Amino acid sequence: WNSPHNNRAHALFYSGKVEEAISVSEAVLAREAENVFALSGLVTYHLGVNQPERAHDYASRLGQLFKKIPADGMEIEMVISALALVEDTPTLWKISKSFQDAPSDSLFGRSWYCLAVAAIRSGKWKDALNLLEKADEEDLPPAGKSLLEKLRTVAVQRHPSLTWMPPAYPGADLFFHPKVL
């Protein structure tokens, strides 16, 4: 049973024992190679010790697992969050396509926000608006609310563009969201 080990790895990470957290999560993967919680944790842990290549490797594995994960489970939230942390826009855009017609309660607001950012970065303004409008505005971070306001204006333009850089994905704050904890 891997849940206690995943929880232990998170506790170790947040206690500053990152290498030990990595070891615990890698042991989970040795027992269950497709454990989404361990893979997602390893993305965070490796970013925490400035090993973005390793984080990308684990995020890539999560991206490959996407089709196997039930769309209504917590695991999909973790996949989206991990992919956003490593800014894997192509994979997030692929995932967003499968949520275009999904009900609004399918994902947390931050996940809708991540998918909308991927859509914008892919040049799909109307899709971004559609995705972000699915989020409960109370569940969106302040940057998500601001982006939604701008998208409502920009997405209907003939040649949409924002006057600033493409929006950023939410960072590690995703993992401190009350619904995730």
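Small disclaimer: the values here were computed from a predicted structure and weren't measured.

### Some details on the packing of aromatic side chains
Taken as a whole and judged by the stated rule, the model has three aromatic pairs. Ring geometry for F13 against Y45: centres 4.8 Å apart, planes inclined by 35°, an arrangement best described as tilted. Residue F13 is found in helix α1 (residues 3-14), and its partner Y45 is found in helix α3 (residues 36-48); the two are separated by 32 residues along the sequence. Assessed through its relative accessible area of 15%, F13 is described here as buried. Residue classification places Y45 among the buried positions, given a relative accessible area of 1%. Ring-pair connections join several aromatic residues into one group, and the members of that group are F13, Y14 and Y45.

### So, helix α6 (residues 89-98)
By the burial criterion, the buried members of α6 are T89, T91, L92, W93, I95 and S96. For α6, the elements touching its buried residues are α4 (52-65), α5 (74-85), α7 (109-121) and α8 (125-134).

Calculation notes
Residues numbered from 1 in each chain as written. Predicted model: local features only at pLDDT ≥ 70, side-chain atom pairs only at ≥ 80, totals over all residues. Heavy atoms only, no water. Phe/Tyr/Trp six-rings, centres within 6.5 Å; stacked < 30°, edge-to-face > 60°. Helix = DSSP H or I, 4+ residues; strand = E, 2+ residues; numbered from the N terminus. Buried < 20%, exposed > 50% of the residue type's maximum accessible area, 1.4 Å probe, protein only. Contact = heavy atoms within 4.5 Å.

Interpretation in functional terms is not warranted from these geometric data alone.
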